[in-house]
Amino acid sequence: MSLEDLYREVILDHYRNPRNHDPIDAPDATAEGVNPLCGDEISLRLRFDGDTIADVSVTGQGCSISQSSASMMSEAIKGHTRGEIEEVTRRFRSMMDLESTSDDGLDPAHPGSVLGDLESLQGVKAYPVRIKCANLPWTTLAEALGDG
Ligand code: ZN
């Protein structure tokens, strides 16, 4: 199986079996994201325990890229502090070439050590119109965290 096939399998698995898909009760922060170009919708709910995201849910509809990115993001942020989430957001944006700062590159030895399944979305870079789909959950997250 090629790396490309493996990435496709990971994306489809998250699309078909989205993680953290049951809306949480009494969220501390919520945000809605829409990508009208593709018809993608993301509804994000967060519950905090101090500085940590104790629980997260993502629901929505749209293409496999937006929904799998949302599912992967929910796994990447659950149980993590704001500082850690800033780091994974920075690495994701760097991987997707959304930030061009030269020292923001992935660690080539361990590109997946922080991003995990999110690494599978790097193939999306080849399709600029799809980058908006992959990035939608992250802009929604920034809004929910008050940074957006
Ligand atoms: Zn889309």
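The structure under discussion appears in the preceding block.
Just so you know, these numbers come straight off a predicted model, no measurement behind them. (Residues numbered from 1 in each chain as written. Predicted model: local features only at pLDDT ≥ 70, side-chain atom pairs only at ≥ 80, totals over all residues. Heavy atoms only, no water.)

Is there a simple way to explain the overall build of the protein chain in this structure?
Along the backbone of the protein chain there are five helices and three strands. Taking all contacts inside the protein chain whose residues are at least 6 apart in sequence as the whole, residues at least 24 apart take part in 63%. Surface accessibility of the protein chain: about 7,700 Å² in total, with carbon and sulfur atoms responsible for 47%. (Helix = DSSP H or I, 4+ residues; strand = E, 2+ residues; numbered from the N terminus. Contact = heavy atoms within 4.5 Å. Areas by Shrake-Rupley, 256 points an atom, 1.4 Å probe, with all protein chains shown as cover.)

For this particular structure, what's the right way to read the pattern of salt bridges?
Side chains bearing opposite charge may pair, as long as their charged atoms lie close to each other. For the structure shown, the criterion picks out nine salt bridges. Here Asp-55 makes a salt bridge to Arg-47, at a shortest N to O gap of 3.6 Å. Since its relative accessible area comes to 17%, Asp-55 is described here as buried. The class of Arg-47 is partly exposed, set by a relative accessible area of 30%. A salt bridge links Glu-87 to Arg-90; the nearest nitrogen and oxygen atoms lie 3.1 Å apart. Within this pair, Glu-87 and its partner Arg-90 are both found in helix α3 (residues 82-95), separated by three residues, close to a single helical turn. By relative accessible area, which is 26% here, Glu-87 ends up partly exposed. Among the ionic contacts, a cluster of salt bridges with common partners joins Glu-4, Asp-5 and Arg-8. (Salt bridge = Lys/Arg side-chain N within 4 Å of Asp/Glu carboxyl O. Buried < 20%, exposed > 50% of the residue type's maximum accessible area, 1.4 Å probe, protein only.)

I tried to follow the packing of aromatic side chains on my own but got confused; where do I start?
Any aromatic ring pair is given by two values, namely how distant the centres are and how the planes are angled relative to each other. Throughout the structure, instances matching the rule amount to one aromatic pair. Taken together, a centroid distance of 4.6 Å and an interplanar angle of 15° make the contact between Phe-92 and Trp-138 stacked. Placement of Phe-92 in helix α3 and of Trp-138 in helix α5 (residues 128-144) is noted, with a sequence separation of 46 residues between them. Each member of the pair, Phe-92 together with Trp-138, is buried. (Phe/Tyr/Trp six-rings, centres within 6.5 Å; stacked < 30°, edge-to-face > 60°.)

Function cannot be read off these values alone, since they describe shape.
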